[in-house]
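Results of the structural survey
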Amino acid sequence: MRTKVFSFIALLMIASFILAACGGAAAPQTPAAPTASGGAAAPTAASGGAAAPTAATSSGGTALAVGIVLPTKDETRWTQDEARFKEALDKAGYQVEILFSEKDSAKEKANVESLITKGIKVLIICPVDGTAAAASADEARKAGIKVISYDRLIRDTDAVDYYVTFDSIAVGAQQAQYLVDKAGTTKNNPLYIYAGAASDNNAFIFFQGAWGVLQPKIADGTFVIKNSSEAIALQGKAELTRDEEAKIIGQVTTNWAPDTAKTLAESNLTATTTADKGNVFVLAPNDDTARAIGDTFAADKDIKSFVITGQDAAPASVQYIIDGKQSMTVFKDVRTLVKDAISAAVALLANQAPAAKGSYNNGKIDVPAIQSPVISVDKANVKAALFDSGYYKTSDYTGL
Ligand code: BGC
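Residues numbered from 1 in each chain as written. Predicted model: local features only at pLDDT ≥ 70, side-chain atom pairs only at ≥ 80, totals over all residues.

A separate point is the overall build of the protein. For the protein, the helix and strand inventory stands at 13 helices and 13 strands. Taking as baseline every contact in the protein between residues at least 6 positions apart, the subset at least 24 positions apart corresponds to 77%. (Helix = DSSP H or I, 4+ residues; strand = E, 2+ residues; numbered from the N terminus. Contact = placed C-beta atoms within 7 Å.)

Let us now look at unusual backbone geometry. Unusually for a residue other than glycine, Asn255 sits at a positive phi of about 55 degrees. Backbone geometry places Trp256, a non-glycine residue, at a positive phi of 55 degrees. Here Trp256 shows up in the loop between α8 (242-252) and α9 (258-271). For Trp256, a count of 25 C-beta atoms within 10 Å corresponds to the buried category. (Buried ≥ 20, exposed ≤ 12 C-beta atoms within 10 Å, placed from the backbone.)

Turning our attention to the packing of helix α5 (residues 168-183) against helix α6 (residues 201-219). Running from N to C, α5 and α6 point in directions that differ by 35 degrees, and their axes come no closer than 7 Å. Helix-helix and strand crossings are classified by hand; for α5 and α6 the assignment is right-handed. Residues Ser168, Ile169, Ala170, Val171, Gly172, Ala173, Gln175, Ala176, Gln177 and Val180 of α5 form the contact with α6, whose own contacting residues are Asn202, Ile205, Phe206, Phe207, Gln208, Gly209, Ala210, Gly212, Val213, Leu214 and Lys217. Looking at the contact of α5 with α6 residue by residue, the class counts come to twelve nonpolar, eight polar and one charged. (Axes fitted to C-alpha atoms, helices over the stretch in contact; angles between N-to-C directions. Left-handed = near helix turned anticlockwise from the far one by under 90°. Nonpolar A, V, L, I, M, F, W, Y, C, P; charged D, E, K, R; others polar.)

Once that is clear, we can look at the site of the ligand. The immediate surroundings of the ligand are formed by Glu75, Arg77, Asp151, Arg152, Gly196, Asp200, Asn202, Trp256, Asn286, Gln311 and Asp312. A per-class count over the shell around the ligand returns one nonpolar, four polar and six charged. (Near = placed C-beta within 6 Å.)

Attention now goes to the nonpolar core. Formed by 113 residues in total, the largest nonpolar core has its most connected members in Val122, Leu123, Ile148, Val282 and Ala345. For this core, the leading source of residues is helix α12 (residues 334-349), giving ten residues. Not counting the four nearest positions on each side in its chain, Leu123 is found in contact with Gly67, Val69, Val112, Leu115, Ala140, Ile145, Val147 and Ile148. (Core = buried A, V, L, I, M, F, W, Y, C linked by C-beta atoms within 7 Å.)

When the terminal C-alpha atoms of α9 are compared, their 20 Å separation across 14 residues agrees well with the 20 Å that a helix rising 1.5 Å per residue should span. Of the positions making up α9, those classed as buried are Pro258, Ala261, Leu264, Ala265, Asn268 and Leu269. Projected down its long axis, α9 carries its buried residues within an arc of 130 degrees, all on one side. Among the exposed residues of α9, those oriented more than 90 degrees off its buried face are Asp259, Ser267, Thr270 and Ala271. Looking at the packing, one finds that the buried side of α9 touches β6 (189-193) and α10 (287-298). (Expected span 1.5 Å × (residues − 1). Arc of directions from axis to C-beta.)

What follows concerns the packing of α6 against α8. It is at 10 Å that the axes of α6 and α8 come closest, and there the two elements cross at 95 degrees. In terms of their interaxial angle, α6 and α8 are classed as roughly perpendicular. On α8, the residues that touch Ala203, Phe204, Phe207 and Gln208 of α6 are Arg242, Glu245 and Ile249. Residues that form the contact of α6 with α8 fall into these classes: four nonpolar, one polar and two charged. (Parallel < 35°, antiparallel > 145°, perpendicular 65-115°, else oblique.)

The subject of this paragraph is the pairing of strand β5 (residues 162-166). In terms of residue burial, β5 counts as a mostly covered element, since five of its five residues are buried. As defined by bridge partners, β5 adjoins strand β12 (residues 366-372) across four bridges and the pair is classed as parallel. Bridge assignment links Val164 to a residue of β12, and that residue is Ile370. (Pairing = 2+ DSSP bridges.)

The next point concerns the sheet that holds β6. Strand-to-strand pairing in sheets goes through backbone hydrogen bonds, with the strands running parallel or antiparallel. Here we have four strands laid out as an open sheet, ordered β7-β6-β8-β9, and parallel in their pairing. Edge positions in the sheet fall to β7 (223-225) and β9 (303-308), since each has one partner strand and no second. Strand-to-strand twist of the sheet, defined as the mean angle between neighbouring strand axes without regard to direction, takes the value 35 degrees. Note: β6 against β7, three bridges, orientation parallel.

Remember that the coordinates give geometry; whether it matters functionally is a separate question.
This is the structure in structure tokens:
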């Protein structure tokens, strides 16, 4: 009990610190009401092989009753989350353990079990596979631990207490809107679509957001889908069921892996004719896959120009945008997500319900949620959105 009270006080201090630290940022702060719903369960792809927890971040100071589990160190998206958590917590002089799951659900489970053994009271977890992670959430619940789903929703369990996320419908909608705006009044534009991993609930929400904007422009002849027979079969439908989305995603998934994205783009371009190329439009789900797909399109002599989307404002893609090699990205300010996650942890430790601005259905329950807004960024506003706000340093980039 003493530890719990002490940890709670520690967290309260951290939360005040973070709220103060974030106060001056030019980041978007006004959450919109969540609109996405879960629907049918996403296909699972749990991988085998037990493994020990990987390296933790720690610093001197008071131990927190909170453990954080992130999906992979291979993507700057998640190392940035780690850095922002550390930045927020270390500055306040506290210790927290952050474990990475190396895109492996078995490793993720081992990480959670290790944190349970260490006596955490709140688990902040971004699942590798939303459905497979239900078992870890259940284990944590049994041990009396509160579970916060971070960025990605854990599905098909009632053992999720809270969901901290971005407006993921808006992510897909902004990507699609960018393509629509660039196409203008032209017709019959070749459209190539790609999606995230089917094991990630977000991939469905991003796609849902994009489809809502693209479908009317496919119906009116602005775009012609070139790389998905499933999407073509469903192109008359304004709203798709989760099963229908799963069919399309199954055909155009990058699995959030640049290599997979590259191979798929290559095979798509091999399968299409010169007439399907020319000036093309590409819905790429995030920055890491966008660069892989973009490089592939750039290498095809029959592609005259391409407009390509992204997401995350990953440093390498920000340079690509400055260099004109990627058209846009969707900026998701990780500082806001970290702040929201810590505020939620503080509330849960005090046995209070964190402030929710809506809910997301995870296939089993409506999980109370908070979501933060996102910003569409291209060459025209990259400086204002990412550098003037102090998010990135101009000295790390060329050509600005
Ligand atoms: C996140 C994205 C990220 C992707 C791949 C999604 O769940 O929301 O920001 O790019 O996973 O890791």
